[in-house]
Amino acid sequence: MRPVIEHRSAVLDLVTPVPTESRHVLEALGDVLAVDVVATCTLPRWDNSAMDGYAVHHADTAAAGPGTPVTLPVVADIAAGTSHDTPVAPGTAVRIMTGAPVPAGVDSVVPVEHTDGGTEHVTITTAPVLGAHIRRAGEDVNPGDVVLTAGTFLGPAEMAAAVSVGQSVLTVHRRPRAVVISTGTELVPVGAEPAHGQIPDSNSVLLAAAAHRAGCTVVRVGAVPDDPAVLAAVLEAHDGDADLILTSGGVSVGAYDVVKQALADSPGVEFVRVAMQPGKPQGLGRLAGGTPVLCLPGNPVSAHVTFEVFVRPAIMRLRGARDLDRPQVTAVAAEHWRTPAGRTQLMPVTLVQTGTRLEAHRAVAGGSGSHLVAGLARAEGLAVVPATTEQVLPGDRLTVMRTTS
Ligand SMILES: Nc1nc2c(c(=O)[nH]1)N[C@H]1C(S)=C(S)[C@@H](COP(=O)(O)OP(=O)(O)OC[C@H]3O[C@@H](n4cnc5c(N)ncnc54)[C@H](O)[C@@H]3O)O[C@H]1N2
Ligand code: MOO
């Protein structure tokens, strides 16, 4: 059996980042930046006041105190959005608002609370420290500084940073196109009443939603029956068009394992057994037209787990993201369970914070079965138990991949 890490590399080797395009920053939330954002200006753009108050020459006010007030004439009033372009002479002050440019000459700002708030003359009762309350040009960014690096997800703060340095059109990777196909003659479409022996096709819903959440544009084909010719035709229809095709089911050793049968003559596709539980049977490769295909097992927990461990990182690579992996936390096992020898176990868990202790509980009490689809909905993460471990004991430290966003 192939180790998880080795299979992950083989999956990642199938994909490269999708092409880039220009996107207005207002449309770019959640996109991945493809080119660094480099500043051509300073931030702050100019020295500006951090307080509503009075800009002064420090030397004029150094002696100010409650018993020794200093009064200066106010020669200008600078609101944010305006500027005062002539140097301020010694022995005078300007009223200034937060964010307004500090004019030449003055070197300190006295907050209005330390004055009488006058508009013709101002009386200052507390001496400022030299340079007080001035936000200096370039304190944040200088021309040539890399503000955002390629591979970064554009969230609210990243969008604000780009706008602040004057970049309103960004180069991002377009969204990858994923096609999701589930297989199995037992499957009925969403909303249809299953007869005995039939079940709703939950995997195409799960995988389409997961791919969408990971940033793909998704075509959910739905369920294809266990007929290799039908499946081969569906695969061919999307080959060359999609960036990634996902199938579920039909990859183990059953008599009707349709994915294996449909791809049996595809030289670019192989079926392997990965040393993990759940998720052992996996298919991967390229279709004749070059489209990467990942064939996941049909058990719903297996489909979920292997989406998280293999497919999501591949989607992140397609998207050009720098970080391919989910955040991981360390949690303490709250209970005992057995794990299969020689296979990495990925146990769906809920996480409970008790004081400083983060506890991992199995999402389904007593269960690690790959059919426990409803229990999966409770899971907040997957505890990764190494292949060398045979049982988890209460109090054991576990690495947990968080899967809830
Ligand atoms: N003799 C063996 N049998 C099985 C082995 C094995 O090594 N030897 N491996 C088991 C493991 S592990 C897994 S995982 C499954 C994988 O099987 P397939 O990928 O071929 O999946 P199916 O047989 O098509 O389905 C398995 C299971 O999942 C249900 N299913 C399938 N598709 C969906 C869907 N779209 N929505 C909801 N549920 C779905 C299906 O009804 C089955 O119950 O094989 C084991 N067997
Ligand atoms: O590997 Mo299967 O995915 O254990 O249920």
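The model shown is predicted, which means the values in this text are computed figures rather than measured ones.

Quick notes on the rules
- Residues numbered from 1 in each chain as written.
- Chains lettered and ligands numbered in written order.
- Predicted model: local features only at pLDDT ≥ 70, side-chain atom pairs only at ≥ 80, totals over all residues.
- Helix = DSSP H or I, 4+ residues; strand = E, 2+ residues; numbered from the N terminus.
- Rg over C-alpha atoms; globule rule 2.2 N^0.38 Å.
- Buried ≥ 20, exposed ≤ 12 C-beta atoms within 10 Å, placed from the backbone.
- Contact = placed C-beta atoms within 7 Å.
- Near = placed C-beta within 6 Å.
- Nonpolar A, V, L, I, M, F, W, Y, C, P; charged D, E, K, R; others polar.
- Pairing = 2+ DSSP bridges.
- Axes fitted to C-alpha atoms, helices over the stretch in contact; angles between N-to-C directions.
- Domains from an automatic or database assignment.
- Core = buried A, V, L, I, M, F, W, Y, C linked by C-beta atoms within 7 Å.

Another aspect to go through is the overall build of the protein chain. If you tally the helices and strands in the protein chain, you get 8 helices and 27 strands. A compact globule built from 405 residues should have a C-alpha radius of gyration of about 22 Å, whereas the protein chain, at 31 Å, is more than 25% larger. Viewed in the frame of its principal axes, the protein chain has a C-alpha envelope of about 95 × 50 × 40 Å. Across the 405 residues of the protein chain, 42% fall into the buried class. Within the protein chain, contacts between residues separated by at least 24 positions form 71% of all contacts whose residues are at least 6 apart in sequence.

Right, let's talk about the site of ligand 1 for a bit. Around ligand 1, the surrounding shell holds 27 residues, and the nearest of these are Ser 182, Asn 203, Gly 249, Pro 297 and Gly 298. In terms of residue class, the shell around ligand 1 is made up of 8 nonpolar, 15 polar and 4 charged.

Attention shifts here to the site of ligand 2. Within the structure, ligand 2 sits among Gln 277, Pro 278, Gly 279, Lys 280, Pro 297, Asn 299, Ser 302 and Ser 370. Classifying every residue of the shell around ligand 2 by side-chain character gives 2 nonpolar, 5 polar and 1 charged.

This part is about the sheet that holds strand S17 (residues 269–273). Taken in spatial order, the 6 strands make up an open sheet running S15-S12-S16-S20-S19-S17, and their pairing is mixed. Strand pairing shows two members of the sheet lacking a second neighbour, strand S15 (217–224) and S17, which therefore form its edges. Ignoring which end each strand starts from, the neighbouring axes of this sheet average 15 degrees apart. Looking at chain direction, strand S12 (residues 177–183) and strand S16 (residues 244–248) are connected through 5 bridges and run parallel.

Moving on: the sheet that holds strand S6 (residues 93–96). Spatial ordering of the open sheet is given by S7-S4-S6-S5-S8, a layout of 5 strands whose pairing is mixed. Every interior strand has two partners, whereas the edge strands, strand S7 (108–111) and strand S8 (121–124), have only one. Averaged over all neighbouring strand pairs, the angle between strand axes comes to 40 degrees, with direction disregarded. Across 4 bridges, the pairing between strand S5 (residues 70–78) and S6 is parallel. For Ala 76, the partnering residue across the bridge sits in S6 and is Val 94.

So, about the pairing of S12. Counting buried residues along S12, 6 of its 7 residues qualify, which places the element largely inside the surrounding structure. Relative to S15, S12 runs parallel, the two being bridged by 7 bridges. Residue Val 179 lies in a different strand from S15, and its bridge partner there is Val 219.

The omega torsion across Leu 43 and Pro 44 is -15 degrees, close enough to zero to call that bond cis. Looking at the secondary structure, you find Pro 44 in the loop between strand S2 (37–38) and strand S3 (48–49). The omega angle of the peptide bond from Gln 277 to Pro 278 is 0 degrees, so this bond is cis rather than trans. With a phi angle near 60 degrees, His 133 is a residue other than glycine that sits in the positive phi range. Looking at where His 133 falls in the secondary structure, it is placed in the loop between S8 and strand S9 (134–135). Looking at His 133, the number of C-beta atoms within 10 Å reads 20, which means it is buried.

The subject of this paragraph is the domain arrangement of the protein chain. Each assigned domain of the protein chain is listed here: domain 1 (4–17 + 175–318), domain 2 (20–43 + 139–173), domain 3 (48–135) and domain 4 (328–402). In this structure, domain 2 and domain 4 have C-alpha centres spaced 38 Å apart.

Take the nonpolar core next. With 82 residues, the main nonpolar core has Val 180, Ala 211, Leu 246 and Leu 294 as its most contacted residues. Looking at this core element by element, the count peaks at 11 residues for helix H7 (residues 300–318). Those residues in contact with Leu 294, other than ones at most four positions away along the chain, are Val 11, Leu 244, Leu 246, Leu 284, Phe 310, Val 311 and Ala 314. Residues Met 51, Tyr 54, Val 56 and Ala 127 belong to the second largest nonpolar core, which totals 21 residues.

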